[in-house]
Amino acid sequence: MYQANTKRYEQMQYNRVGKSGLKLPALSLGLWHNFGDTDYFQNQKEIILGAFDLGITHFDLANNYGPPAGSAESNFGRMLREELGAYRDELIISSKAGYYMWEGPYGEWGSKKSIIASCDQSLKRVGVEYFDIFYHHRPDYETPLEETARALDLLVQQGKALYIGVSNYDAQRTLEISQLFKQLGTPFIIHQPNYNMFDRWIEEELVEVLEAEGIGAIVYSPLAQGLLTNKYLHGIPEHSRASRSDSPFLNEEKVEKTLTSVSKLNELAAARGQTLAEMALAWNLRLKSVASVIVGASSLKQLEDNVKCLENVAFTDQELQAIDQLLKE
Ligand code: NDP
């Protein structure tokens, strides 16, 4: 029977999410890739239990994570039943609805019908009574925003979610839904956008809205799916995400396009005494709004390395300028 590392809370940093009462680990683990039925369960187990031993208390899921869709939730549920169940109150488990999940008009987007049904399915797959955070996964411009907000609020009233978040919403839409949630009294505390050195869109307007509204950010793909590591410096290794056919967002072309910047960033990281992955994660955490970065991992070793970013999260002005300059080239 699994016994958690007794020192797990000594090594992790926990940050408050916006103005809420919730704190999240600076690094959270996402189960988008590597936790489906096509991946080895034993490796999944090693990563998840190892993550918890490192003080990573937050695991991020969605209805459609797999493949096949739904299997990451089922596999995580199995892990909870078999190993982690005793620690449920030490875990923050999130899931989401919004992307395509099942056939017909209710299997995606943001209607009340879709969100409530999807959350019920996810709760069953994970085998929990509630999610700590439940997200609307992407904006739906056809459904009235108030309907989506009320559906998410209902989940809280029904005890199926403790906190509510949105993901992939732009600044304007975030502000609009935040105002609706305020009227409803919904604990809308968190936004999940993508953010990394190669994609800085949140700095334009979103961060300002989040700060004004007291909402925290948890950013996804902080390593640009592995580009911001030393992994692709000498080509595309076998079994890497860029080499997998079930990974449509990362490919050889992207690897080649970023190679020059990645090599230079790698040198900059070395000068700071860090790996590129460590520097990229620390850089994301420099924003006040960012409570946590959700990393993905295909091995426990990657996670162990990434957690070391916390040993140096401070940047000098010169370092920040050098990074800005390099990213503009
Ligand atoms: P990352 O940018 O952290 O990429 C993770 C990948 O980078 C790993 O699978 C691994 O690739 C590689 N990697 C990680 N650490 C190292 C290391 N130390 N050395 C070398 N390579 C490393 O994040 P993801 O894109 O995986 O996203 C993280 C999570 O964010 C998801 O699981 C999900 O929970 C969430 N997310 C949310 C979305 C949304 O719409 N809300 C969309 C996308 C993600 P490899 O597998 O090749 O080894």
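Position numbers for residues start from 1 in each chain and track the written sequence from start to end. Totals for whole chains, interfaces and linings use all residues, but because this is a predicted model, local features are given only for residues with pLDDT of at least 70 and pairs of side-chain atoms are given and counted only at 80 or more. Side-chain calculation: all heavy atoms of the structure are included, whereas hydrogens and water are not.

- The protein chain appears in an unreviewed UniProt entry as Oxidoreductase, aldo/keto reductase from Enterococcus pallens ATCC BAA-351.
- UniProt positions are given in the numbering used here, feature names are shortened, and annotations may be inferred rather than shown by experiment. In its Sequence similarities (unreviewed entry) section, the UniProt entry covering the protein chain states "Belongs to the shaker potassium channel beta subunit family."

### So, the overall build of the protein chain
Phase 1 of the analysis: Across its full length, the protein chain holds eleven helices and ten strands.
Phase 2 of the analysis: Radius of gyration here is computed from C-alpha atoms only, and the compact-globule reference equals 2.2 Å multiplied by the residue count raised to the power 0.38. Since a compact globule built from 329 residues should have a radius of gyration of about 20 Å, the 19 Å found for the protein chain is in line with a globular shape.
Phase 3 of the analysis: Projected onto its principal axes, the C-alpha coordinates of the protein chain cover approximately 50 × 45 × 40 Å.
Phase 4 of the analysis: Here, two residues are considered to be in contact whenever any of their heavy atoms come within 4.5 Å of each other. Pairs at least 24 apart in sequence give 77% of the contacts found in the protein chain among residues at least 6 apart.
Phase 5 of the analysis: Carbon and sulfur atoms form 49% of the exposed surface of the protein chain, whose accessible area is close to 14,700 Å². Under the DSSP-based scheme used, a helix requires at least four consecutive residues in state H or I and a strand at least two consecutive residues in state E, with every element numbered from the N terminus. Per-residue and other accessible areas follow the Shrake-Rupley method at a 1.4 Å probe size, with only the shown protein chains counted as cover for residues.

### Concerning the sheet that holds strand β6 (residues 131–136)
Whenever strands of a sheet pair, they do so through backbone hydrogen bonds, lying parallel or antiparallel.
Phase 1 of the analysis: Strand pairing requires that DSSP identify at least two bridges connecting the strands. The eight strands are arranged β3-β4-β5-β6-β7-β8-β9-β10 in a closed barrel whose pairing can be described as parallel. The sheet shows a mean angle of 30 degrees between the axes of neighbouring strands, direction not considered.
Phase 2 of the analysis: Sheet topology places strand β9 (residues 216–220) next to strand β10 (residues 290–295); four bridges connect them, and they run parallel. For Ala 217, the partnering residue across the bridge sits in β10 and is Val 290. All axes are obtained by fitting lines to C-alpha atoms, using only the stretch in contact for helices, and the reported angles, taken between N-to-C directions, cover 0 to 180 degrees.

### Overview of the pattern of salt bridges
Phase 1 of the analysis: Salt bridges are defined as contacts in which a side-chain nitrogen from Lys or Arg sits within 4 Å of a carboxyl oxygen from Asp or Glu. For the structure on display, the rule yields 19 salt bridges.
Phase 2 of the analysis: Two residues, Glu 213 and Lys 182, come together in a salt bridge whose shortest N-O distance is 2.6 Å. Pair noted here: Glu 213 is in helix α7 (residues 206–213) and Lys 182 is in helix α6 (residues 171–184), with a separation of 31 residues, a long-range link.
Phase 3 of the analysis: Type-normalised accessible area, obtained with a 1.4 Å probe on protein chains alone, sets the label of each residue: buried when under 20%, exposed when over 50%, and partly exposed for intermediate values. On the accessibility criterion, Lys 182 (52% relative accessible area) is exposed.
Phase 4 of the analysis: Residues Glu 329 and Lys 264 are paired through a salt bridge, measuring 3.1 Å at the closest nitrogen-oxygen approach. Within this pair, whereas Glu 329 is found in the segment after α11 (317–328), its partner Lys 264 is found in helix α8 (residues 252–271), the two being separated by 65 residues in sequence.
Phase 5 of the analysis: Salt bridges linked by common partners bring Arg 200, Glu 203, Arg 286 and Asp 324 together as one network.

### Overview of the pairing of β6
Phase 1 of the analysis: Counting buried residues in β6 gives six out of six residues, a clear majority hidden from the surface.
Phase 2 of the analysis: Summarising the sheet, strand β5 (residues 92–97) and β6 pair through four bridges and their orientation is parallel. Looking at β6, one finds that Ala 97 is bridged to His 136.
Phase 3 of the analysis: A right-handed crossover is one whose linking path, passing over the helix from the first strand to the second, runs clockwise when the strands point away from the viewer. This β-α-β element, β5 to helix α4 (residues 112–126) to β6, shows right-handed connectivity.

### Section: a negative patch on the surface
Phase 1 of the analysis: Patches were defined on residues exceeding 30% relative accessible area and lacking a salt bridge, with like-charge contacts within 9 Å and nonpolar side-chain contacts (Val, Leu, Ile, Met, Phe, Trp, Tyr) within 5 Å. Asp and Glu are treated as the negative residues and Lys and Arg as the positive ones, with His and the ends of the chain left uncounted. In plain terms, the charge of a residue is placed at NZ if it is Lys, CZ if Arg, CG if Asp and CD if Glu. Together, Asp 170, Glu 204, Glu 205 and Glu 208 give the surface a local cluster of negative charge.
Phase 2 of the analysis: Along the chain, the position of Asp 170 falls in the loop between β7 (161–167) and α6.
Phase 3 of the analysis: You can call Asp 170 partly exposed: its relative accessible area is 34%.

### Considering the site of the ligand
Phase 1 of the analysis: The near set for a molecule or strand comprises every residue that places at least one heavy atom within 4 Å of it. Asp 60, Ser 221, Lys 231, Arg 241 and Ser 298 are the nearest of the 30 residues found near the ligand.
Phase 2 of the analysis: N or O atoms within 3.5 Å of each other form a polar contact, as long as, within protein, one can give a hydrogen and the other can take it, and as long as residues adjacent in sequence are counted only when both atoms are side-chain atoms. At a separation of 3.3 Å, an oxygen atom of the ligand approaches a polar backbone atom of Ala 224.
Phase 3 of the analysis: Taking Gly 226, its main chain carries an N or O atom lying 3.4 Å from an oxygen atom of the ligand.
Phase 4 of the analysis: Protein coverage of the free-state accessible area of the ligand, which is 920 Å², stands at 95%.
Phase 5 of the analysis: The set of elements that each furnish at least two residues to the shell around the ligand consists of β10 and α10 (300–307).
Phase 6 of the analysis: Polar here means any residue outside two lists: the nonpolar Ala, Val, Leu, Ile, Met, Phe, Trp, Tyr, Cys and Pro, and the charged Asp, Glu, Lys and Arg; Gly therefore counts as polar. A class-by-class count of the residues in the shell around the ligand yields eleven nonpolar, 15 polar and four charged.

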